[in-house]
Amino acid sequence: MRNSAILKKICVSAMVLLGSGVLQSCSSIFEYEGDCSSNWRVDFRYDMNMKYADAFGHEAKAVTLYAFDSDGVLVWQKTEHGDTLATDDYAMTLDLAPGTYDLVAWSTCDKAIDCFAFPKVEEGKTTKPDLICEMNRQRDEDGKAFSSRYLGSLMHGCIDNLEITEVEGTHTVRMPMVKNTNDVRIILQHLSGETVDHDVFTFSITDQNGILSHDNTLLPCEEINYRPWRKETISTSTGTRAITEVGALIAELTLNRLMAGSDTKLEVFNDKEETVLSIPLVNYALMIKGHYDVMDDQEYLDRQDEYNMTFFLDDDMQWVSSHILINSWKVVLNDVDFD
């Protein structure tokens, strides 16, 4: 019995020492949970937003994770979906042998599943450049590409050179996700407050952002004409003592990823096919970046997934280009030149 007790003490001491060694050797991105076997899993985290709060469970309904070996060849993939993604302790188990891997993840909400296409992959053959995400486009009578659908939420994440070891314990790797889809709400409001007829105006945003690479950069793509999936005339009451009815026209569009430096153009036309306004959307969106924490242009575009832009019309139904409201911030325009 005495020998048995001594052995138990030695075993416990060895486990404590081993656990201490593991804790000291783990990278800061791992959370060691004291397991006696070697388990690896991925925690998907979407806090690349303006609130800096994790919203992965709210935005994602399906996620697929791909693992590539050191030669860039696919060796493993796994898809999980449903309400389990929204649970507090959700993480995807990695069934990988010890080695070094690059991980790539794509996630979608229910709405986005039919809006984006991913290639059929085969373990041992598919390479990272093969893993692209292509937005499904519609075609007009001239064969030109357009999109007039609500695209929902599409997110991407990647981790390079992840070393899977046989070190005991449960190791949780955090996968940062970036949301690519953006909701743009264009509001036309008459200075006089009179109703703006939704049949008079058409809206268009053009970009070449229909194909994303495995690293979430844009690949060469035809020009896509984004059109509203919702267009509606609304009225609201303003004032305290004297109540005034104000009418406005709202158009909502969803775009794929916006990139700093891209030539994304927002245009509004009247029923005579005259241009009411034409602006470089990305440049205008960045005008209010200074009201938030210091970040570079691309980080701001990746964090901000909703843009509300209010334009005011004069008696001739032309844009009064002296100012614009962007996400409730008033921007005064004085001979703006983006060249």
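The shown structure was predicted, so the numbers you read here are calculated from the model rather than taken from an experiment.

Within the protein one finds 4 helices and 22 strands. Considering the protein as a whole, with its 339 residues, one finds that 43% of them fall into the buried category. Look at the contacts in the protein between residues 6 or more apart in sequence, and 66% of them connect residues 24 or more apart. By element, 48% of the accessible surface of the protein is carried by carbon and sulfur atoms, the whole surface being about 17800 Å².

Right, let's talk about the layout of surface pockets for a bit. The computed volume of the largest pocket comes to approximately 290 Å³. Grouping the amino acids of the lining of the largest pocket by side-chain chemistry returns 4 nonpolar, 2 polar and 7 charged. Computed from the structure, the second largest pocket encloses a volume of approximately 240 Å³. In terms of lining, the second largest pocket is formed by 17 residues, of which the most central are Asp43, Asp54, Thr87, Asp88 and Tyr90. Counting only elements with at least two residues in the lining of the second largest pocket, the list comes to strand E1 (38-45), helix H2 (56-59) and strand E11 (169-179).

One pair of aromatic rings is described through two measures. These are the centre distance and the angle between the planes. All told, the structure shown has 6 aromatic pairs when counted by the stated rule. Consider the rings of phenylalanine 44 and tyrosine 90, whose centres lie 6.3 Å apart with planes at 15 degrees: the pair is stacked. Here the residue phenylalanine 44 occupies a position in strand E1, and tyrosine 90 occupies one in the loop between strand E3 (74-81) and strand E4 (92-94), the gap between them amounting to 46 residues. Here phenylalanine 44 and tyrosine 90 have matching classes, each one buried. The aromatic ring of phenylalanine 146 is capped on one face by arginine 227, whose charged end is 4.0 Å from the ring centroid.

Glancing now at the sheet that holds E11. If you trace the 7 strands from one edge of the open sheet to the other, you get E3-E2-E5-E10-E11-E1-E4, paired in mixed fashion. Sheet topology places E3 and E4 at the edges, where each strand pairs with a single neighbour. Put simply, the sheet's adjacent strands are angled 25 degrees from each other on average, direction ignored. In this sheet, E11 lies alongside strand E10 (residues 154-164) in antiparallel orientation, the contact comprising 3 bridges. Bridge pairing in E11 links methionine 155 to lysine 179.

In this model, asparagine 161 sits at a positive phi of 55 degrees, which is unusual for a non-glycine residue. On the accessibility criterion, asparagine 161 (60% relative accessible area) is exposed. In this structure, asparagine 216 takes a positive phi of about 75 degrees despite not being glycine. Examined against the element boundaries, asparagine 216 turns out to sit in the loop between strand E14 (211-212) and strand E15 (224-226).

Moving on, we come to a negative patch on the surface. Where like charges cluster on the molecular surface, the negative patch consists of Asp197, Asp199, Asp271 and Glu274. Along the chain, glutamate 274 falls in the loop between strand E18 (265-269) and strand E19 (275-280).

Each value, and the rule that gives it
- Residues numbered from 1 in each chain as written.
- Predicted model: local features only at pLDDT ≥ 70, side-chain atom pairs only at ≥ 80, totals over all residues.
- Heavy atoms only, no water.
- Helix = DSSP H or I, 4+ residues; strand = E, 2+ residues; numbered from the N terminus.
- Buried < 20%, exposed > 50% of the residue type's maximum accessible area, 1.4 Å probe, protein only.
- Contact = heavy atoms within 4.5 Å.
- Areas by Shrake-Rupley, 256 points an atom, 1.4 Å probe, with all protein chains shown as cover.
- 1 Å grid on protein atoms, 1.4 Å probe; cavity = no way out; pocket = protein on both sides within 12 Å on 5 of 7 lines; lining within 4 Å.
- Points joined across faces, edges and corners; volume = space filled by probe spheres on them.
- Nonpolar A, V, L, I, M, F, W, Y, C, P; charged D, E, K, R; others polar.
- Phe/Tyr/Trp six-rings, centres within 6.5 Å; stacked < 30°, edge-to-face > 60°.
- Lys NZ or Arg CZ within 6 Å of the ring centre and 35° of its normal.
- Pairing = 2+ DSSP bridges.
- Axes fitted to C-alpha atoms, helices over the stretch in contact; angles between N-to-C directions.
- Patch = residues over 30% accessible without salt bridge, like charges linked within 9 Å, V, L, I, M, F, W, Y side chains within 5 Å.
- Salt bridge = Lys/Arg side-chain N within 4 Å of Asp/Glu carboxyl O.
- Lys, Arg positive; Asp, Glu negative; His and termini not counted.
- Charge placed at Lys NZ, Arg CZ, Asp CG, Glu CD.

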